[in-house]
Amino acid sequence: MANTVATVTITGAGGQIGYNLLFRIAAGEMLGPDTAVRLKLLEIPQGMRGAEGAALELQDSAFPLLQAVDVTDDPRRAFDGVNVALLVGSRPRGPGMERGDLLAANGGIFGPQGEAINAGAASDVRVVVVGNPANTNALIASAHAPDVPASRFTALTRLDHNRALGQLAAALTVPVTQLRDVTIWGNHSATQFPDVAHATAAGRDVAERLSEEMGADAAQRWLAEEFIPRVARRGAEIIEVRGSSSVASAATAAIDHVRDWVHGTTDGWTSAAIVSDGSYGVPDGLVSSFPVTSEGGEWAIVSGLSIDAFAQERIDRSVAELVEEREAVSALGLI
Ligand SMILES: NC(=O)c1ccc[n+]([C@@H]2O[C@H](COP(=O)([O-])OP(=O)(O)OC[C@H]3O[C@@H](n4cnc5c(N)ncnc54)[C@H](O)[C@@H]3O)[C@@H](O)[C@H]2O)c1
Ligand SMILES: O=C(O)C[C@H](O)C(=O)O
């Protein structure tokens, strides 16, 4: 028997990621077996049939933890009393598009949703933005929710983090469970910096292990020329191979993000895009990816890491893109 009940709102619930997320959340994968859930599914009118169909299937699944499902196209109703909001609904990138192309198309969605969160969310609300460009969409939503602490608005870079783990596990032939302290810095875009400087595999330095496997020069080349670009461009690779953007891996990452935020991290740090406090030269207030731990339901940036010149240059490059995005949405009157 569950001890608590949480209201979880999913926007774009009739879309691909939404369809994947709903059943896993209802099964307890995100908040655990002690928390019953009330699901609120937000769609635009054109997406309502998809969300309504998913709601019928949720009913047919008889999930023990699922207490209620409400499908609506009204943001105020969708965010009323929300504890966890997954902002997925927006237009996905197609082949050949960069995330910047989505700024204007999707930016307009997140202001009204921020306002609705401000108006009706529970005092402990936690928001994760999945819809791209995720970091800047989180910034827009937060700017429209002045009564909600900015620390409650986050964006998903856990998918990039998990992709980095997948690549390293394959290169070192180790299970992902043996990998720790990989970091994704910056924007959820091709400028992101997947960083293994502090990462370990089975307790040993990852760079050292790669040198043993490949030789020192080849390991450096692999990191710079294969690992970093492959992780940073994996979204585009998936679009090219599948013909549409990632779905199940994105839903998995969103569930991982919320689970760790609510229940805490163990075994080192993870990556999440959270509001900057000025750490590592990232301007205050930007939503940027950092190495983070979670304790007591709050993310904290891992402090005091040594950052060499190469890494700082890569972090600065991605952060410069976030600054440009902030300027662009400011010029569009979105913040
Ligand atoms: N951050 C990440 O790691 C990551 C990973 C994969 C995809 N994404 C992004 O997630 C988003 C959704 O992807 P998808 O594959 O589910 O797309 P999709 O087109 O299948 O679904 C999007 C849904 O959002 C709905 N929608 C649009 N505007 C809305 C609004 N204002 N309110 C509520 N719903 C709205 C649409 O009707 C549609 O049903 C895209 O922006 C995609 O680029 C992010
Ligand atoms: O890259 C995209 O447009 C989709 C998503 O953000 C991804 O990383 O898979």
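Residues numbered from 1 in each chain as written. Chains lettered and ligands numbered in written order. Predicted model: local features only at pLDDT ≥ 70, side-chain atom pairs only at ≥ 80, totals over all residues.

1. Points about the site of ligand 1
The following threshold applies: We count a residue as near a molecule or strand when its backbone-placed C-beta atom lies within 6 Å of that partner. Each helix corresponds to a stretch of at least 4 residues labelled H or I by DSSP, and each strand to a stretch of at least 2 residues labelled E; elements are numbered beginning at the N terminus. Amino acids outside the nonpolar list (Ala, Val, Leu, Ile, Met, Phe, Trp, Tyr, Cys, Pro) and the charged list (Asp, Glu, Lys, Arg) are all regarded as polar, and Gly is one of them. What fixes the domain bounds is an automatic or database domain assignment.
Lining the immediate surroundings of ligand 1 are 30 residues, of which Gly12, Gly15, Ile17, Gly47 and Gly89 lie closest. Residue contributions to the shell around ligand 1 peak at 3 residues, all from helix α1 (residues 16-26). Residues of the shell around ligand 1, tallied by class, amount to 12 nonpolar, 16 polar and 2 charged. Here the shell around ligand 1 gathers at least three residues from each of two domains, domain 1 (4-155) and domain 2 (158-327).

2. Here we look at unusual backbone geometry
Between Asn132 and the following residue, Pro133, the backbone shows a cis peptide bond with an omega angle of -5°. With a phi angle near 60°, Asp181 is a residue other than glycine that sits in the positive phi range. Tracing the backbone shows Asp181 in the loop between β7 (179-180) and β8 (183-185).

3. Description of the packing of helix α6 (residues 158-172) against helix α8 (residues 216-232)
Here is the rule we go by: Whenever a helix is involved, its axis is fitted only over the stretch in contact; in every case the axis is a line through C-alpha atoms, and angles between N-to-C directions fall within 0 to 180 degrees. If you view the pair so one helix is near and one far, a crossing is left-handed when the near helix is turned anticlockwise from the far one by less than a right angle, and right-handed when it is turned clockwise. Any two residues are considered in contact once their C-beta atoms, placed from the backbone, lie within 7 Å.
The interhelical angle for the contact between α6 and α8, taken along N-to-C directions, is 145°, at an axis separation of 9 Å. In the crossing of α6 with α8, the sense of the turn from one axis to the other is right-handed. Packed against α6, whose contacting residues are Asp160, Arg163, Ala164 and Gln167, the element α8 presents Phe227, Arg230 and Val231 at the interface. Looking at the contact of α6 with α8 residue by residue, the classes come out as 3 nonpolar, 1 polar and 3 charged.

4. Things to note about the environment of Gln16
To be explicit about the condition: Exposure criterion: with C-beta atoms placed from backbone coordinates, a residue whose C-beta has 20 or more other C-beta atoms within 10 Å is buried, one with 12 or fewer is exposed, and one in between is partly exposed.
Structurally, the position occupied by Gln16 is in helix α1. On the basis of neighbour counts, which here come to 18 C-beta atoms within 10 Å, the residue Gln16 falls in the partly exposed class. Each C-alpha atom of the pair Gln16 and Arg93 lies 13 Å from the other, and the pair is 77 residues apart in sequence.

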